[in-house]
Structures are given as C-alpha cells and as structure tokens.
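Architecture at a glance
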Amino acid sequence: MLKKLFQSLRPPVRRTQHQRTTPEVLNSGQHSLQRSQFSRHAVSIVERLQNAGYQAYLVGGCVRDMLLNITPKDFDVATSATPEQVRAEFRNARVIGRRFKLVHIHFGREIIEVATFRANHPQDDEEEDSNQSSRNEAGRILRDNVYGTLEDDAQRRDFTINALYYDPVSERILDYANGVHDIRNHLIRLIGDPRQRYQEDPVRMLRAVRFAAKLDFGIEKHTAAPIRELAPLLREIPSARLFEETLKLFLSGHAADTFEMLVDLELFDPLFPASALALEHRPTYTHTLISEALRNTDLRIKQGKPVTPAFLFAALLWPALPARVLRLQERGMPPIPAMQEGAHELIAEQCQRIAIPKRFTIPIREIWDMQERLPRRSGKRADLLLDNPRFRAGYDFLLLRESAGEDTDGLGEWWTDYQDANESGRRDMIRDLGSKGDDSGAPRKRRRTGTKRKRAGDSQDFGE
C-alpha cells in the first residue's frame with residue numbers, strides 16, 4: 001500500500017515542465033489511439049463543432065483510459081464554444097449547472113458532456129465577476145465559469161493524466177502537462193501548486209485517492225505531501241456533493257484499496273468521523289469489518305452483480321453503533337428501542353457530513369434493526385423473520401459481523417441451517433432452542449387484562 005501511496009524514490013518532474021503554453025504533439029504513429037475506439041456520438045460532436053469553426057477535442061478520462069487499455073465509462077468533449085453556442089448547434093443538448101456550467105448532449109441513453117475551455121480565476125478580487133467566478137475566504141472555488149483558451153484549459157485541469165486532448169479528426173494527442181509521461185510511470189500528479197489546488201477544491205484530495213486506487217498508480221510525493229494537513233477542508237464541502245464523491249470512491253470496484261489510502265492520508269475522518277473514532281478505539285474489529293465489506297463489494301462489482309449503497313453505508317457506520325446502543329441500554333432502554341434510537345442519532349450526525357438520501361437511510365436502519373431481531377427465534381419469530389423483506393440483507397450483515405471476529409454464539413450458522421432445513425427440521429430447531437432455555441434475550445409475553453386481543457395479521461410481536 002505504501003508503494004501505491006508514494007513513489008518518493010522517483011525524482012519529481014520539475015514543476016516548470018507543467019507550465020508549458022505549447023503542447024507536446026503526438027501524431028497517430030506515436031500513440032495507440034484510433035478514432036474508432038471512441039464513442040461515435042462523441043466523435044460526431046467534435047467533428048460538428050470543428051466544422052462550425054470551433055476548437056473541439058475528446059479530453060480527460062476517456063483519453064487516459066484508452067491509453068491504459070481501459071474501457072471508459074463516459075466520453076467528454078472540451079471546446080472553445082460557449083455552452084449557449086453548443087446548445088445552438090445541437091437540438092438534443094441541455095445546459096446544466098451553475099457552479100460549473102456544462103452541456104449534456106443526449107443520444108438515447110448515452111450522454112456526452114461538453115465543457116467550454118476554462119481559464120484561471122483573476123487573482124485580484126476586484127477583477128472577479130461573481131456571476132462567472134467566486135471563491136470563499138479559504139480560496140475554495142464556489143463558481144467556475146471563467147472561459148479561456150485551450151492552453152488555459154489545460155493548466156486549469158487537476159491532474160496531468162487528465163490534461164490530454166485527442167483530436168479524432170487528425171488523430172493527434174495534445175499533451176500540455178507531461179500526462180503521457182506520468183501514465184507511463186504510473187503516477188498521479190497535480191498540475192500547479194498542490195496546496196493551492198487543494199484549497200481551490202478539497203475534493204481533489206479524494207480524486208487523487210480514487211484515481212490511484214482505480215489505476216493502481218502511485219501518488220507523486222509533492223501531490224501527496226499537503227493532504228494530511230488539508231484533509232479538514234473536506235468539512236467545508238456540501239454534504240450532497242460528498243455523497244456523490246463517496247459513491248465514486250467505494251463503487252468503482254477498488255473500494256478496499258481506497259479505504260486503506262483514505263485512512264493512511266487521514267481523509268477517512270472528515271468523511272466518517274464516528275467510524276474513524278471507532279477505528280481508533282477498536283482498530284482490529286473495525287478495520288476487519290469494513291475491509292471485508294468493501295472486498296465483498298469489489299467482488300460483486302467484478303462479477304457484475306448489483307450493489308446497494310445502503311449495505312455499504314451500513315457496514316461503514318456499524319462499528320460506531322454498538323457503543324451508542326450499549327449506553328442507551330445502560331440508561332434502562334430495552335435492546336430494540338436502544339438500537340433504533342442509536343441508529344437514528346448516528347445517521348443524523350453522519351448526514352451532516354455526507355447527505356445520505358432517505359431511500360438509503362431507511363434500509364440501513366432496517367439492516368441494523370435486524371441484528372437485534374435475529375437472535376429472537378422462539379415460537380413463530382424465526383418464520384416471521386425469514387419472510388421479512390430485509391431478512392437477506394440482515395442475515396448477510398450478521399455473517400459480515402462474524403467474519404470480523406464478533407462472537408454471536410453461532411447465530412449465523414443457525415440461520416444458515418434454518419434456511420436449508422425442511423418444515424420438520426425447522427420445528428426441531430425451534431424446540432431445541434426451548435429445551436436449552438435459549439430465550440435469546442427476548443422478553444416473555446405478559447398477559448394483560450382488560451385489553452382486546454389483536455387479530456391475526458394486525459401486527460407482529462418482534463419483542464420490545
């Protein structure tokens with residue numbers, strides 16, 4: 001992992017090499033790219049914009065990934081045309097965004113993103129037009145619609161490996177920041193001064209980790225050096241944006257490596273403060289549970305199986321929950337209400353950092369709630385739990401806890417056997433629990449006088 005984080009033994013390329021105003025031009029014989037490899041819709045957009053008199057190129061991740069023989073997930077275009085000019089050329093285009101205005105051109109399910117060349121922001125606050133650009137006191141860019149030339153755009157990009165422009169008409173690559181060199185040397189390197197670039201947009205620290213994990217690259221030492229000190233700047237990023245960035249981090253198929261790097265660079269704390277505290281107090285258990293969950297996630301993505309963010313966040317946050325539940329129980333609260341109250345508090349706090357939508361927070365709480373219900377198997381409870389739509393997720397989560405070393409007294413194995421058993425076998429298993437006096441913590445029903453008995457189907461008693 002240290003090899004992936006830092007390749008400090010390699011002498012850094014001098015920064016003056018990244019301030020070029022003329023690119024290194026790689027002709028078709030000097031690289032492996034062919035226009036037929038790219039989206040035909042993206043190529044047609046470039047051609048149409050060029051025919052209309054604008055500069056236009058395929059840019060960024062699609063060029064980088066093609067050079068690495070990776071299939072790009074999308075194709076982006078950079079152009080000298082303004083968003084309004086692009087919109088005028090394409091009837092199927094829509095201008096989006098305020099902080100960073102873009103154009104999305106729709107071709108059925110495929111969307112090609114077109115961005116106008118950006119320039120550096122004015123250094124003098126008096127020259128800054130708030131409608132085009134603005135920063136906060138810490139230097140973070142709040143609005144970025146200062147348009148410029150192709151050369152300006154190359155210097156405004158974050159990493160050298162993303163500052164590559166491919167012209168599918170001439171089949172040339174324009175390299176303004178030695179990006180091809182860094183691709184060949186497997187290095188993530190920021191363009192410009194790292195401290196200033198992170199202050200402009202702290203999310204770049206997360207992007208450095210994401211690209212390093214995805215591409216199996218090292219982070220160049222000057223690029224990595226300020227990250228630990230500047231990591232707290234992530235607390236200023238809107239929680240909705242951090243939710244999207246977190247999904248990119250952990251749903252790219254390299255979540256396990258990403259987690260290791262986030263922890264090492266002290267970026268995990270500003271994202272998941274309660275879990276970072278649990279990692280400090282119970283390092284072995286917390287690290288094992290989260291790592292195992294992320295490895296399973298990576299495997300499912302590799303196998304083309306669906307992955308739900310709810311299960312992912314449930315695992316990332318779980319290590320912070322038991323201590324809260326225990327404190328509530330010590331105050332006299334019964335186990336299930338204590339679980340529900342602890343879950344509510346933890347998720348509310350987490351959403352201050354990462355705005356997890358309700359469509360995910362509800363199943364997170366249901367998965368956790370199931371952990372308190374699964375030990376309660378007497379009578380008809382086991383069959384009722386088996387029919388619960390959240391049973392499978394709760395059962396998988398129970399196995400995850402056990403794989404992290406949590407002692408559940410064989411509960412996971414019991415539920416595995418119960419699912420495989422026939423009706424007679426299941427009844428025997430329930431009777432065995434009763435003969436062993438295994439009430440599994442469930443309180444006994446108390447007969448109440450003066451109350452009308454509930455009709456079957458009105459509600460289910462899962463214990464208090």
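Here the structure is shown first, and the text comes after it.
Notes on the structure follow.

Turning our attention to helix H11 (residues 239-250). For H11, spanning 12 residues, the distance from its first C-alpha to its last is 16 Å, which sits close to the expected 16 Å at 1.5 Å a residue. For H11, the full list of buried residues reads Leu 242, Phe 243, Glu 245, Thr 246, Leu 247, Leu 249 and Phe 250.

Core analysis: the biggest nonpolar cluster contains 99 residues, and Leu 58, Phe 250, Leu 267 and Trp 368 have the highest contact counts within it. Those residues in contact with Phe 250 that sit more than four places away from it in its chain are Ala 255, Thr 258, Phe 259, Leu 262, Phe 272, Leu 294, Thr 297, Leu 312 and Leu 316. Judged by nonpolar contacts, the second largest core, of 15 residues, contains Leu 374, Ala 382, Leu 411 and Leu 433.

Inspection of the secondary structure puts Glu 244 in helix H11. Note on Glu 244: relative accessible area 44%, which makes it partly exposed. Measuring from C-alpha to C-alpha, the distance between Glu 244 and Ala 355 comes to 9.0 Å, with 111 residues separating the pair along the chain.

What follows deals with the environment of Arg 195. Residue placement: Arg 195 occurs in helix H7 (residues 194-200). Looking at Arg 195, the relative accessible area reads 33%, which means it is partly exposed. Setting aside anything within four residues of it in sequence, one finds Arg 195 in contact with Pro 226, Glu 229 and Leu 230.

Side chains Ala 56 and Leu 58 project from strand S2 (residues 56-59) onto one buried face, and the interleaved Tyr 57 and Val 59 project onto a second face that is buried too. As judged from the 4 bridges shared by S2 and strand S3 (residues 76-79), these two strands associate in the antiparallel manner. Directly across from Tyr 57, in S3, lies its bridge partner Ala 78. Direction of pairing for S2 relative to strand S9 (residues 164-167): antiparallel, over a ladder of 2 bridges. Across the sheet, Leu 58 pairs through a bridge with Tyr 166, a residue of S9.

The next point concerns the side chain of Gln 371. Inspection of the secondary structure assignment puts Gln 371 in helix H19 (residues 358-373). Residue class for Gln 371 comes out buried when judged on its relative accessible area of 5%. Within the local environment of Gln 371, its side chain forms a polar contact with the backbone oxygen of Gly 394, the two atoms lying 3.0 Å apart. Engagement of the side chain of Gln 371 in a polar contact is seen with the side chain of Arg 401, the distance being 2.8 Å. With residues near it in sequence (within four places) discarded, Gln 371 still touches Trp 318, Gly 394, Phe 397, Leu 398 and Arg 401.

In spatial order, the strands read S1-S10-S9-S2-S3-S6-S5-S4; together these 8 strands make up an open sheet with mixed pairing. Sheet topology places strand S1 (24-26) and strand S4 (93-96) at the edges, where each strand pairs with a single neighbour. Between one strand axis and the next, the sheet turns by 30° as a mean value, whatever way the strands run. Of the pairings in the sheet, the one linking S4 to strand S5 (residues 102-107) comprises 4 bridges and is antiparallel in character. Of the residues in S5, the one forming a bridge with Ala 93 is Ile 105. Taken strand by strand, helix H2 (residues 40-51) contacts S2, S3, S5, strand S6 (110-116) and S9, and its axis lies near 155° from that of S2.

What counts as what
Residue positions are given per chain, counting from 1 as you read along its sequence in written order. Totals for whole chains, interfaces and linings use every residue, but because this is a predicted model, local features are given only for residues with pLDDT of at least 70 and side-chain atom pairs only at 80 or more, for both listing and counting. The basis for the side-chain values is all heavy atoms of the structure; hydrogens and waters are excluded. Secondary structure elements follow DSSP: runs of H or I no shorter than four residues count as helices, runs of E no shorter than two count as strands, and numbering proceeds from the N terminus. The span expected for a helix works out to 1.5 Å for each residue beyond the first. The buried label goes to any residue with under 20% of its type's maximum accessible area, the exposed label to any with over 50%, and the partly exposed label to all in between, with areas taken from a 1.4 Å probe on protein chains only. Buried residues of nine kinds, namely Ala, Val, Leu, Ile, Met, Phe, Trp, Tyr and Cys, make up a nonpolar core once their side-chain atoms join them within 4.5 Å. Only heavy atoms matter for contacts: two residues are in contact if any of them lie within 4.5 Å across the pair. At least two bridges found by DSSP between two strands are what make those strands a pair. Throughout this description, a polar contact denotes any pair of N or O atoms lying within 3.5 Å of each other; where both atoms belong to protein, one of them has to be capable of donating a hydrogen while the other can accept it, and for residues adjacent in sequence the pair is counted only when both atoms sit in side chains. Lines are fitted to the C-alpha atoms to define the axes, a helix being fitted only along its stretch in contact, and any angle between axes, read from their N-to-C directions, falls within 0 to 180 degrees.

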